[in-house]
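What follows is each chain in one-letter form.
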There are 2 protein chains.
Amino acid sequence: MAKKGQYTYEYPHPAVTADCVVFGYDGKELKVLLIRRGLEKEASTTAYVGEWALPGGFLDVEKDRTVAHTAARELKEETGLKLSYKEFKEVGTYSDIKRDPRERVITVAHYALVKLSEVQADTDAEKAEWFAFGDVPSLAFDHDKILRDAFSRLKQNIHFEPVGFELLPEVFTLPQLQNLYESILEVKFDRRNFANKMKHYEILSEVDDGTPRHGTRTPIKYRFDKENYDRLKRSGFQLEF
Amino acid sequence: MAKKGQYTYEYPHPAVTADCVVFGYDGKELKVLLIRRGLEKEASTTAYVGEWALPGGFLDVEKDRTVAHTAARELKEETGLKLSYKEFKEVGTYSDIKRDPRERVITVAHYALVKLSEVQADTDAEKAEWFAFGDVPSLAFDHDKILRDAFSRLKQNIHFEPVGFELLPEVFTLPQLQNLYESILEVKFDRRNFANKMKHYEILSEVDDGTPRHGTRTPIKYRFDKENYDRLKRSGFQLEF
DNA sequence: GTTTTTTGTGTCATATTTACACACCTGCAA
DNA sequence: TTGCAGGTGTGTAAATATGACACAAAAAAC
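Owing to the predicted nature of the structure, the values given are computational and were not obtained by experimental measurement.

Asker: Which parts of the structure should I look at to understand the protein's contact with DNA strand C?
Answerer: Close to DNA strand C lie 18 residues; A:R191, A:K199, A:T216, A:R217 and B:G215 are nearest. By atom count, sugar and phosphate contribute 40% of the portion of DNA strand C lying within 4 Å of the protein. Between DNA strand C and the protein, one listed contact pairs a base nitrogen with a side-chain N or O atom of B:N193 at 3.1 Å. For DNA strand C, a base oxygen lies 2.7 Å from a polar atom in the side chain of B:R217. Every element with two or more residues in the surface near DNA strand C is listed here: helix 6 (191–201) of chain A together with helix 6 (191–201) of chain B. Per-element accounting of the surface near DNA strand C gives the leading share, four residues, to helix 6 of chain A.

This is the structure in structure tokens:
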């Protein structure tokens, strides 16, 4: 451990942290991964002990290539979840002079989307917990605002990025996809119109898993067609819903 | 001046700066305000001396309430332009470990929109210069990328915010507005369709400045109708172009 | 076994978007 | 003075996209 007061500067420097809003989807609701503060190893963590908070932590000035790397490293340390730094999309910087009672701390908030079914096993239940987005308790620091902002950002980005496909399993059904869109955009769509429009983009391909579809009650399974999506994206478009 | 090495921390802290991309519009082209590095007072400014760069500077840990305040303060110091911190929209955080050769510096980039005709007189020509967006020289640090990203952000935000009206004079003409939209979105519109659509939003009000309009050659002057715009915004909409 | 829920599908009316032409005045030049 | 090029205003018709809507079949619930 470093000796106290080892790092000196001519002018005061703020501490910098990266926080992560990790969204998942269980087929019904949008979920968020939270940690309980003060249960970790870090000695400097003395504020908001016991409260729920977003995973995140201090930038390692010498090792973290970018704050996205900080986000990835801290997320793994605090929740067990291993994500690449590339999966973090920046939400914004929170720099209010009083946002941390201990010292001046500026945080760069990120969000990431995960396939809940594939990562739920990796999350360290001792430290972290998945909350339904609607049931999130009040959080430490300004994390309530960060969470709201991250959700808004997700809501905006759904028009430009295939966020639905990052949250759903590889293979999914149209009703699942529609449900997810409705959860994020907080609206309801007509089933037929949604299907028509989605099919019109030609970014879904049917998956034949051998299961015979006797009636219409068993939904058709689809997979995201990344090639067509990329082609569409290159030609400049927008997913309108 | 502070004594060297006065500020000590248990762990290394990065320096934090705020940079500003200030966009203006002269009726023909989008413009950007740049400064030449090394001509200022700051002693620590030893990198990229003589090169063009975005205005910006170090967060004052004790005084700047947020990084937007830093941006506003530094912009005034470096270019003479007085903007409120509220006018800065965040573009993103640039934190690459090698982005500043001197020490680890993380910057939060912002953009702001100004009415060129109203502020050109305020800009300190000794230090700062307006460049056509297309003719910007290569910049210090990673400011080239920041500038590109700020422009992309502006391009996106034009769909959600009345950016045109922040860049044009109070009173403007439809061709001017169209030209601005075309500059930002990098497309061409049909004059009639543009006028129809814009009128349909009912956010323009004709200005009668007494000048008799003999023919159609003298364009009609408009003013931005903020009330109607706000009403429209509250009802959830999007400026589609 | 009966009822309820879920899913798939297509058409028609309406709204939106796009394409497109002409008349008028200004400013400039012959 | 005349003529011409350039910039501006305006409306309509065709194509496209959107939004509303109903029924049949099987699964799931009771």
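Next comes the rest of the description.
Asker: Explanation requested: the packing of helix 3 (residues 143–157) of chain A against helix 5 (residues 174–185) of chain A in the structure shown.
Answerer: In a packed pair of helices, the relevant descriptors are the angle between the two axes and the axis-to-axis distance. Residue and element names in this part refer to chain A. In contact at an axis separation of 9 Å, helix 3 and helix 5 are set at 130° when each is read in the N-to-C sense. By the criterion of interaxial angle, the relationship of helix 3 to helix 5 is oblique. Along this stretch, helix 3 crosses helix 5, giving a crossing that reads as left-handed. For the pair helix 3 and helix 5, the contacting residues are F151, L154 and K155 in the first and S183, I184 and L185 in the second. When the residues that make up the contact of helix 3 with helix 5 are grouped by side-chain class, the tally is four nonpolar, one polar and one charged.

Asker: What should I look at first to understand the pattern of salt bridges in this one?
Answerer: Close approach of charged atoms lets side chains of opposite charge pair. All names here are of chain A. In this structure the tally under the stated criterion is 30 salt bridges over all chains. For D149, the salt bridge identified is with K145, shortest N-O distance 3.2 Å. Taken together, the residues span about one helical turn, with D149 and K145 both in helix 3 at a distance of four residues. A relative accessible area of 22% places D149 in the partly exposed class. K145 sits in the partly exposed class, given a relative accessible area of 41%. What emerges from the salt-bridge pattern is a single network uniting D64, R73, E74 and E77.

Asker: When you look at the domain arrangement of chain A in this model, what are you seeing that I'm missing?
Answerer: How big an interface is tends to be expressed through the accessible area that disappears when the partners come together. Residues and elements named next belong to chain A. Partitioning chain A into structural domains gives domain 1 (15–139) and domain 2 (163–234). Here domain 1 and domain 2 have C-alpha centroids that lie 30 Å from each other. In this assembly, 13 residues from domain 1 lie in contact with twelve residues from domain 2. For the pair domain 1 and domain 2, the summed buried area comes to about 960 Å², and 56% of that belongs to carbon and sulfur atoms. Contact with domain 2 buries surface across domain 1, with Y25, L113 and K115 losing the most and accounting together for 60% of the total. There are one salt bridge connecting domain 1 and domain 2. Across the salt bridge formed by K89 and E166, the nearest N and O atoms sit 3.5 Å from each other. Linking domain 1 with domain 2 are four residue pairs in polar contact (both at pLDDT 80 or more), by the criterion used here.

Asker: In this structure, what is going on with the sheet that holds strand 9 (residues 171–173) of chain B? I would like to understand it.
Answerer: Backbone-to-backbone hydrogen bonds join strands into a sheet, with any given pair of strands oriented parallel or antiparallel. Residues and elements named next belong to chain B. Spatial ordering of the open sheet is given by 9-11-10, a layout of three strands whose pairing is antiparallel. For this open sheet the edge positions go to strand 9 and strand 10 (204–206), each flanked by a neighbour on one side alone. Averaged over neighbouring strand pairs, the angle between their axes works out to 50° when direction is ignored.

Asker: Could you clarify how one ought to interpret the packing of aromatic side chains in this entry?
Answerer: Each aromatic ring pair is characterised by the separation of its centres together with the angle its planes make. All names here are of chain A. All chains considered together, the criterion is met by 31 aromatic pairs over all chains. Ring centres of F194 and F241 lie 5.2 Å apart, and the angle between their planes is 35°; this geometry places the pair in the tilted category. With F194 in helix 6 and F241 in the segment after helix 7 (226–234), this pair connects stretches of sequence that are 47 residues apart. Judged by its relative accessible area of 22%, F241 is partly exposed. In this structure an aromatic cluster arises from ring pairing among F165, F172, F224, Y229 and F237. Its end group placed over the ring of F241, K197 keeps NZ or CZ at 5.5 Å from the ring centre.

Definitions and limits used
- Residues numbered from 1 in each chain as written.
- Chains lettered and ligands numbered in written order.
- Predicted model: local features only at pLDDT ≥ 70, side-chain atom pairs only at ≥ 80, totals over all residues.
- Heavy atoms only, no water.
- Near = heavy atom within 4 Å.
- Polar contact = N/O pair within 3.5 Å; in protein donor to acceptor, adjacent residues only side chain to side chain.
- Helix = DSSP H or I, 4+ residues; strand = E, 2+ residues; numbered from the N terminus.
- Axes fitted to C-alpha atoms, helices over the stretch in contact; angles between N-to-C directions.
- Parallel < 35°, antiparallel > 145°, perpendicular 65-115°, else oblique.
- Left-handed = near helix turned anticlockwise from the far one by under 90°.
- Contact = heavy atoms within 4.5 Å.
- Nonpolar A, V, L, I, M, F, W, Y, C, P; charged D, E, K, R; others polar.
- Salt bridge = Lys/Arg side-chain N within 4 Å of Asp/Glu carboxyl O.
- Buried < 20%, exposed > 50% of the residue type's maximum accessible area, 1.4 Å probe, protein only.
- Domains from an automatic or database assignment.
- Buried area = accessible area lost by both parts, 1.4 Å probe.
- Pairing = 2+ DSSP bridges.
- Phe/Tyr/Trp six-rings, centres within 6.5 Å; stacked < 30°, edge-to-face > 60°.
- Lys NZ or Arg CZ within 6 Å of the ring centre and 35° of its normal.

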